[in-house]
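# Coordinate inspection notes
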Amino acid sequence: MIETAYIHIPFCSYKCDFCDFAAFAGLNHREGEYFEALSQEIKERLTNTQESVKLSSIYFGGGTPGMVAPHYIKAILDQIASRVELSSDLEICLEATPHSVSKQKLDQWKALGVSRLSVGIESFHEDELRSIGRDHSRQEALRGLELALTSEIPVVSIDFMYGLPTQTLESWQATLDEAIALSQRYPALKHISAYGLQLAENSPLYGRFPRDSDSYPDEELFAAMMFLLIDKLRQAGFVHYEVSNFAKEGFQCRHNSTYWKNRPYLAFGVGAHRYVDGVRSANWRSFNRYIRGFMENEFVEEIDRETEIKEAVMLGLRMRAGIDLAAFSSLYGYRLEESRHQEIERLCEAGYLSIENGRLAITDKGLPISNSIIVALI
Ligand code: SF4
């Protein structure tokens, strides 16, 4: 059963210097033709999907979905609702930048059923925002957040980044303290994501801060930032449920949890990746190519049993609760703790992994090297 759908809205007011998503600035004049193609794609793919669909989550990501006129969002929701069953407690999440938020849009989103707003803040420091090429200021971040947090949308999530050029442990602490203070003042702030900066090979950010620049935090400082994040948010009552994600109890992001549980999901729009009928596939990342052939794939991979097991290990270990070994074995017919006995024992002895109540999980100490741990187990 497919329970979640991702809708990619690629328009942005400015292309941030670190961004490797299918996101485009200066294409707003083509919104009409994009939404026409997107709507057609949804119609055709939902007709062709073999698995049964009952959606409990629709996620508008991007890009900046908050930037487009809400009537486009409505048209997409109507198209989906006319084709598949929706759960009575459907969660609709929409990503926005703080300067794309307005009182009028918040009211319109609420009327459309948007129940969760994810606002990309990245940092509360002017110099850090400039260093990564964001086009909003600290003032705009605070203004947009305040509007969102006092609106009728019940759940607001903030995105941050750490490991940024010019960022220090002190400035990161100040950003976290400010977020925590906001969560204490506004109960709607239920979720915080914080991603360590990772740059693609030819990222424009390297133009100003080359790869070997001293402006980036070194490995030790990066790990200290990660531990500070975990300590601060845990003390503030957020549950650390995935490597980069924290939520007040019961407010985990439904959509992302589908990915991490290795469950199928639909996806539509330029560059969107889906996992349907045992096949992972992705639309063209090129805007023009997508418009010309929205049903064509840039990438297709049939997921065989071995790949499915590897992905389940990789994704399961990103969850802080880890992998339920008995459930894993009955689902995949594969006893991870036996097949990888030596590696698991070595990593447990070193304090990087733990097995508690039948669950295999990466410990706090193991988090900075989580990628190497996962590689050792797949
Ligand atoms: S706003 Fe988000 S999606 Fe758009 S360019 Fe910046 S990081 Fe990328």
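In this text the structure is predicted, and so the values were computed from the model without any measurement. (Residues numbered from 1 in each chain as written. Predicted model: local features only at pLDDT ≥ 70, side-chain atom pairs only at ≥ 80, totals over all residues. Heavy atoms only, no water.)

## As for the overall build of the chain
On a plain count of helices and strands, the chain comes out with 15 helices and 17 strands. In terms of overall size, the chain behaves like a compact globule, its C-alpha atoms giving a radius of gyration of 21 Å where 378 residues would be expected to give roughly 21 Å. Projected onto its principal axes, the C-alpha coordinates of the chain cover approximately 55 × 50 × 40 Å. Sequence separation of at least 24 residues holds for 69% of the intrachain contacts in the chain that already meet a minimum separation of 6. Of the accessible surface of the chain, which amounts to about 16900 Å², a share of 49% is contributed by carbon and sulfur atoms. (Helix = DSSP H or I, 4+ residues; strand = E, 2+ residues; numbered from the N terminus. Rg over C-alpha atoms; globule rule 2.2 N^0.38 Å. Contact = heavy atoms within 4.5 Å. Areas by Shrake-Rupley, 256 points an atom, 1.4 Å probe, with all protein chains shown as cover.)

## Regarding the state of the cysteines
Scanning all chains against the criterion turns up zero disulfides. C93 carries a free sulfur, and the closest cysteine sulfur to it, the one in C253, is 5.5 Å from it. On the accessibility criterion, C93 (2% relative accessible area) is buried. (Disulfide = S-S within 2.5 Å. Buried < 20%, exposed > 50% of the residue type's maximum accessible area, 1.4 Å probe, protein only.)

## A word on the pattern of salt bridges
This structure, assessed with the given rule, holds 23 salt bridges. For the salt bridge of E338 with R335, the shortest nitrogen-to-oxygen distance reads 2.9 Å. One network of salt bridges, in which partners are shared, links E41, R45 and R274. (Salt bridge = Lys/Arg side-chain N within 4 Å of Asp/Glu carboxyl O.)

## Considerations on the sheet that holds strand β16 (residues 353-356)
One open sheet accounts for three strands, arranged β15-β17-β16; its pairing is antiparallel. A single partner strand is all that each edge strand has here, and the edge strands are β15 (323-324) and β16. (Pairing = 2+ DSSP bridges.)

## Focus on the domain arrangement of the chain
In terms of domain boundaries, the chain breaks down into domain 1 (2-260) and domain 2 (305-378). One C-alpha centre belongs to domain 1, the other to domain 2, and the line joining them spans 28 Å. Counting residues at the interface gives 12 residues for domain 1 and nine residues for domain 2. Looking at the side of domain 1 facing domain 2, the largest losses of area belong to F227, V243 and W260, adding up to 41% of the total buried there. At the junction of domain 1 and domain 2, the tally comes to two salt bridges. In this structure, D364 and R234 form a salt bridge, with 2.9 Å as the shortest nitrogen-oxygen distance. Where domain 1 meets domain 2, there are five residue pairs in polar contact (both at pLDDT 80 or more). Counting residues per element, the ones that place at least two in the side of domain 1 that touches domain 2 are α8 (219-235), β9 (239-242) and α9 (254-260). Among the elements that take part in the side of domain 1 that touches domain 2, α8 stands out by supplying five residues, more than any other. (Domains from an automatic or database assignment. Buried area = accessible area lost by both parts, 1.4 Å probe. Polar contact = N/O pair within 3.5 Å; in protein donor to acceptor, adjacent residues only side chain to side chain.)

## Considerations on the packing of aromatic side chains
All told, the structure shown has 17 aromatic pairs when counted by the stated rule. Here the aromatic rings of F11 and Y34 are separated by 5.5 Å at their centres, their planes lie at 90 degrees, and the arrangement is edge-to-face. In this pair, F11 sits in strand β2 (residues 11-12) while Y34 sits in helix α1 (residues 31-48), placing the two residues 23 residues apart along the sequence. In this pair, the class of F11 matches that of Y34, namely buried. Ring centres of F124 and F160 lie 5.6 Å apart, and the angle between their planes is 70 degrees; on these two criteria the pair is classed as edge-to-face. One end of the pair, F124, is in the loop between β6 (116-122) and α4 (126-131); the other, F160, is in strand β7 (residues 155-162), and 36 residues separate them in sequence. An aromatic cluster is present here, built from F11, F24, Y34, F35, Y72, F287 and Y290 joined pairwise through their rings. A cation sits over an aromatic face here: K190 above F251, 4.9 Å from the ring centre. (Phe/Tyr/Trp six-rings, centres within 6.5 Å; stacked < 30°, edge-to-face > 60°. Lys NZ or Arg CZ within 6 Å of the ring centre and 35° of its normal.)

## Topic: the nonpolar core
Side chains of a nonpolar character, in soluble globular proteins, are inclined to be buried together. In this structure, I7, L38 and F60 are the most contacted members of the largest nonpolar core, which totals 92 residues. A domain split of this core shows at least three residues from each of domain 1 (2-260) and domain 2 (305-378). C16, A23, I132 and M161 belong to the second largest nonpolar core, which has 14 residues in total. (Core = buried A, V, L, I, M, F, W, Y, C linked by side-chain atoms within 4.5 Å.)

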